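One letter stands for each residue in the lines below.
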Amino acid sequence: MPGEFEIIEWIRSKVASCNAGFVQLGIGDDCSVINQPNDKRKWLITTDMLLDGRHFQLQSGLHSPEQVGRKAMGVNISDIAAMAGTPVAAFVSVALPKSNTKEIAQLLTEGIKAEAEKFDIVLAGGDTNVWDGPLVINITLIGLEPLGGAVLRSGAIPGDCIFVSGPLGGSYPSGRHMKPTPRIKLAQDLKSRLGDKLHAMIDISDGLAGDLRHILKESNGVGANLITNQIPIHPDIQFHVSENTAHMDQEVAIEHALCDGEDFELCFCVAPDSVTNLPNGLFHVGHITTEPGIRLVGSDGVAKPWTRGGFDHIGHD
Ligand code: ADP
Ligand code: MG
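Report follows, based on the coordinates. Quick caveat, the model's predicted, so the values are computed rather than measured.

1. What about the packing of helix H2 (residues 65–81) against helix H3 (residues 101–118)?
- For the pair H2 and H3, interaxial distance at closest approach is 7 Å and the crossing angle is 40°. As the angle between them shows, H2 and H3 are arranged oblique. As H2 packs across H3, the resulting crossing turns out to be right-handed. Residues Pro65, Glu66, Val68, Gly69, Arg70, Met73, Gly74 and Ile77 of H2 lie in contact with H3, whose contacting residues are Ile104, Leu107, Leu108, Glu110, Gly111, Ile112, Ala114, Glu115, Ala116 and Lys118.
- Broken down by class, the residue content of the contact of H2 with H3 amounts to ten nonpolar, three polar and five charged.

Written out as structure tokens, the structure is:
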């Protein structure tokens, strides 16, 4: 079965990535960038669909509609953060199950509103359907690019320092994947401190290895060396430890940090001469290289290729 990214690449190959008019950047980044006629700040547009049984578990009773609403909003806000933008207006489309329809719709909206209000986002439209199937929700979020322009995936150059904004791994077994904390403020702070020295950025939705690989691919096929003992491992990876194993060895922990999905932290690349301008609390995990691919550099200084990578919602079955 083809993976999600293979399908997206196929679609991308069939359509023009931009045109001379309004679409400055189409398929291939966290948001699309749309020009305004008067050439002021551009619009950022992103859309994400969440499915019961895949991205949340409503039917099985594990998650509430309110939690689903919060997550659906949060994952979209995270894509605006990945470009250092400001979210503005949301459009929510839902396919509601036939049973408990009204209650689900109301609680879902409570969750959406609660998350939207944190960021001054207006729920500006959408579409509602009822059907025999499980809950499906899609949110399209519109934002404004930052002054100086959106931070794209495509700007990384060899020598750049790679940072992540927080510890990684274990978001599924711990349930943290239902509570994304989009890094809007941090992303805007990075952009205003660093300007165009902030070369590339992405939010980590599919695991650091997978999302960093998107940056590498979009940035002319550069590569990356990651320093194993500088990768911040989230304490939530303990939820992967089975009753039979007393602890997790470092190799397995690193694998979770690199490959688990839905951390919604930022991964970004900074010109080395600007690293001193960064705020505290960030994790310097490696460097961009001219040699393609990702390598893990151990404490012995030996670089080993890292080929696994990233959570693929289709290929992972
Ligand atoms: P993210 O993980 O940041 O939400 P995705 O991997 O979902 O990003 O999408 C990557 C790029 O592919 C984005 O530019 C998105 O708009 C585009 N894309 C995804 N699915 C489709 C589709 N079915 N048709 C057109 N573009 C798509
Ligand atoms: Mg993204």
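2. What to know about H2
- For H2, which comprises 17 residues, the first-to-last C-alpha distance of 24 Å matches the rise-based estimate of 24 Å (1.5 Å per residue) to within 8%.
- Most of H2 sits out of view: 14 of its 17 residues are buried.

3. Some thoughts on the site of ligand 1
- The full set close to ligand 1 counts 14 residues, and Gly28, Asp29, Asp30, Asp79 and Arg153 are the nearest of them.
- A distance of 3.0 Å separates an oxygen atom of ligand 1 from a polar atom in the side chain of Asp30.
- Measuring from an oxygen atom of ligand 1, one finds a side-chain N or O atom of Arg153 at 3.2 Å.
- Here ligand 1 has 570 Å² of accessible area as a free molecule, and 67% of this is covered by the chains.
- Broken down by element, the residue count for the shell around ligand 1 peaks at four residues, all from helix H1 (residues 4–14).
- Looking at the shell around ligand 1, its residues break down into four nonpolar, three polar and seven charged.

4. Comments concerning unusual backbone geometry
- Even without a glycine there, the phi angle at Asn100 is positive, about 55°.
- Secondary-structure assignment places Asn100 in the loop between strand E4 (86–97) and H3.
- The residue Phe264 is not glycine, and still its phi comes out positive at about 55°.
- Within the fold, Phe264 resides in the loop between helix H7 (250–259) and strand E10 (266–270).
- Judged by its relative accessible area of 4%, Phe264 is buried.

5. So, the nonpolar core
- If you look at the biggest cluster of nonpolar residues, it comprises 47 residues, and the most contacted ones within it are Met73, Ile137, Met201 and Phe268.
- A total of seven residues in this core trace back to one element, the largest contributor, which is H2.
- Three or more residues apiece are contributed to this core by two domains, here domain 1 (4–144) and domain 2 (161–306).
- Residue contacts for Phe268: discarding those within four places in its chain leaves Cys161, Ile162, Phe163, Leu190, Leu198, Ala200, Met201, Leu278 and Leu282.
- Of all hydrophobic cores here, the second largest spans 27 residues; its members include Ile162, Leu216, Val222 and Leu296.

What counts, and at which threshold
- Residues numbered from 1 in each chain as written.
- Chains lettered and ligands numbered in written order.
- Predicted model: local features only at pLDDT ≥ 70, side-chain atom pairs only at ≥ 80, totals over all residues.
- Heavy atoms only, no water.
- Axes fitted to C-alpha atoms, helices over the stretch in contact; angles between N-to-C directions.
- Helix = DSSP H or I, 4+ residues; strand = E, 2+ residues; numbered from the N terminus.
- Parallel < 35°, antiparallel > 145°, perpendicular 65-115°, else oblique.
- Left-handed = near helix turned anticlockwise from the far one by under 90°.
- Contact = heavy atoms within 4.5 Å.
- Nonpolar A, V, L, I, M, F, W, Y, C, P; charged D, E, K, R; others polar.
- Expected span 1.5 Å × (residues − 1).
- Buried < 20%, exposed > 50% of the residue type's maximum accessible area, 1.4 Å probe, protein only.
- Near = heavy atom within 4 Å.
- Polar contact = N/O pair within 3.5 Å; in protein donor to acceptor, adjacent residues only side chain to side chain.
- Areas by Shrake-Rupley, 256 points an atom, 1.4 Å probe, with all protein chains shown as cover.
- Core = buried A, V, L, I, M, F, W, Y, C linked by side-chain atoms within 4.5 Å.
- Domains from an automatic or database assignment.

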